[in-house]
Structures are given as C-alpha cells and as structure tokens.
Amino acid sequence: LACILLPNLVNGWLAFRDLPEVRVSPRLVSLDVLRDVFGFSLCSFASTISNLIRNRTDLVVISSTIGVGSAAAYQAGAKIGEMFGLFTTQIADVLSPAAATLEAAGNRTEITALLLRSTRLIVIVAFPLFCLMAFQLEELIGILTGLSSVSSATMWSGELILLWFLVVVVTQSAYKGI
C-alpha cells in the first residue's frame, strides 16, 4: 500500500506546488460528465474482461483435449506471443481515458482521428517487433524456458500465437482500447 500511495501523494504535492491555480473540490465535479465517462469506462472494462477470457480459454481446451503434456509445449511457445501482445496493447490502453473524455463530449470526429493515429502508431511499433520476435523465436523460447533445444510443436505454437497476436493488435487493440 505504501508503494502505491506514497508516490501518488508526492506527485500530488509537487503538482499542487507547481500549479497553485489548480483546485480540487467536489463542487467542481459535473455529475453528467462523470456518468458519461463511467458509462464508457464500463464498456471498456467489459471489453478487457472478454479479451482476458478469450486469451485464457485456449490452454483449458488444449489440456482437456490433448493432455497436460501437450499443453506445456503449447504454453512455452504461447508465452512469446502473449509478451508481444502485452507490450503492443499498452498504446491503446493509455489512450482509453482520452477516448472516454471525447466520448463524453460527443466528439465523434476526434475519436475517429484518435483511432486512426493510434492504429498507425501501433502498426509502426508492432510490425518491426513482430519481425524481430519471429526471427529470434527459438532463442526467445530458450531464454524463457531454459531449454537448450526447442521442439517443433513449441515452435509452431509460438509462431501461430505470435501471428495471432499481431492480427489482434493491429485490427482490434486501438478500437477496443478506444
């Protein structure tokens, strides 16, 4: 708790010290805007939960149909794709508050512009990272798992999950985050 609370208190104190004209008061809160922002945030939260369910059901299905041994080989390769997805979706996650504010203001043209700019940025970041990870996949799996040789099944699962996350990141991450 102290690791979370202390930096926020210090940041707040520094912000109020450098910006004395800033005031925080319950009287300054607009309930209409707050309701609109929370409504948008609730939709974004539901989207995040659906992504989490979608990303975790594959391991349950594989271990129940093929067996736990095969799931281990799959999971080793899938971790690389998950790391790629976690890194590249951070851009869209950062933009969610801005999108919520624009949605609350009813500014559809700005939301569209934000979506286009963020998609471009995600593509600029995702494609070079995908190429680097795809070419170094065997080494990355070896580093992650400690294995000296990686099986072909693990390589296939790594390649497929990495490609799947690229498609998801490029086609949906900015849209779902916004």
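What you are looking at is a predicted structure, and each value in this text was computed from that prediction instead of being measured. Per-chain numbering applies: the sequence of each chain, read as written, is numbered from 1 onward. The predicted origin of the model limits local features to residues at a pLDDT of at least 70 and limits the giving and counting of side-chain atom pairs to 80 or more, whereas totals for whole chains, interfaces and linings rest on all residues. The basis for every side-chain value is the complete set of non-hydrogen atoms in the structure, without hydrogens or water.

Caption draft 1: Summary view of the overall build of the protein. Numbered from the N terminus, helices here are DSSP runs of H or I no shorter than four residues, and strands are runs of E no shorter than two. Secondary structure assignment for the protein yields seven helices and zero strands. From first element to last, N terminus to C terminus, the protein shows the α and β order α-α-α-α-α-α-α. Values of the radius of gyration come from C-alpha atoms, whereas the globule rule sets the reference at 2.2 Å times the count of residues to the power 0.38. Compactness check: the protein gives a C-alpha radius of gyration of 21 Å against a globular reference of 16 Å for 178 residues, more than 25% above the reference. For every residue, the accessible area (1.4 Å probe, protein chains only) is compared with the maximum for its type, and the residue is labelled buried under 20%, exposed over 50%, or partly exposed between those bounds. Split into buried and exposed, the 178 residues of the protein put 28% on the buried side. Sequence-distant contacts, at least 24 apart, represent 77% of the contacts inside the protein between residues at least 6 apart. Residue-level accessible areas treat just the shown protein chains as cover; the underlying method is Shrake-Rupley with a 1.4 Å probe. For the protein, the exposed surface amounts to about 11,800 Å²; the carbon and sulfur share of it is 71%. Taking the average place of the 11 positive charges on the side chains of the protein and the average place of its 12 negative ones, the gap between the two points comes to 8 Å. Throughout, a contact is declared for two residues whenever any of their heavy atoms are within 4.5 Å. Here the positive residues are Lys and Arg and the negative ones are Asp and Glu; neither His nor the chain ends is included. Charge positions come from single atoms, namely NZ of Lys, CZ of Arg, CG of Asp or CD of Glu.

Caption draft 2: Here's a closer look at the packing of helix 3 (residues 68-88) against helix 5 (residues 108-135). Axis separation between helix 3 and helix 5 bottoms out at 10 Å; the angle between their running directions is 160°. Comparing their axes, helix 5 and helix 3 come out roughly antiparallel. Where helix 3 crosses over helix 5, the two elements pack in a sense that is right-handed. Only Ile-122, Val-125, Ala-126, Leu-129, Phe-130 and Met-133 of helix 5 make contact with helix 3, whose side of the interface consists of Ile-80, Phe-84, Phe-87 and Thr-88. When residues are sorted by character, Ala, Val, Leu, Ile, Met, Phe, Trp, Tyr, Cys and Pro go into the nonpolar class, Asp, Glu, Lys and Arg into the charged class, and all the rest, Gly among them, into the polar class. Among the residues forming the contact of helix 3 with helix 5, the class breakdown is nine nonpolar, one polar and no charged. Orientation is described by lines fitted to C-alpha atoms, with helices fitted over the stretch in contact, and by angles between N-to-C directions that extend from 0 to 180 degrees. An angle counts as roughly parallel when it lies under 35 degrees, as roughly antiparallel when it exceeds 145, as roughly perpendicular when it falls between 65 and 115, and as oblique in every other case. Handedness of a crossing follows from how the near helix is turned relative to the far one, being left-handed for an anticlockwise turn of less than a right angle and right-handed for a clockwise one.

Caption draft 3: Layout of the environment of Leu-129. Tracing the chain through its elements places Leu-129 in helix 5. With 33 residues separating them in the primary sequence, Leu-129 and Leu-162 have C-alpha atoms 11 Å apart. Setting aside chain neighbours within four positions, we find Leu-129 in contact with Phe-84, Phe-87 and Thr-88.

Caption draft 4: Structural view of the nonpolar core. Grouped together as the largest cluster of nonpolar side chains are 21 residues, with contacts concentrated most on Phe-84 and Ile-141. The set of elements that each furnish at least two residues to this core consists of helix 3, helix 4 (90-105), helix 5, helix 6 (137-145) and helix 7 (152-177). Here the element with the most residues in this core is helix 7; it accounts for six residues. Apart from the residues lying within four places of it in its own chain, the contact partners of Phe-84 are Ala-126, Leu-129, Phe-130, Met-133, Leu-162, Phe-165 and Leu-166. For our purposes a nonpolar core is just a set of buried Ala, Val, Leu, Ile, Met, Phe, Trp, Tyr and Cys residues, chained together by side-chain atoms within 4.5 Å.

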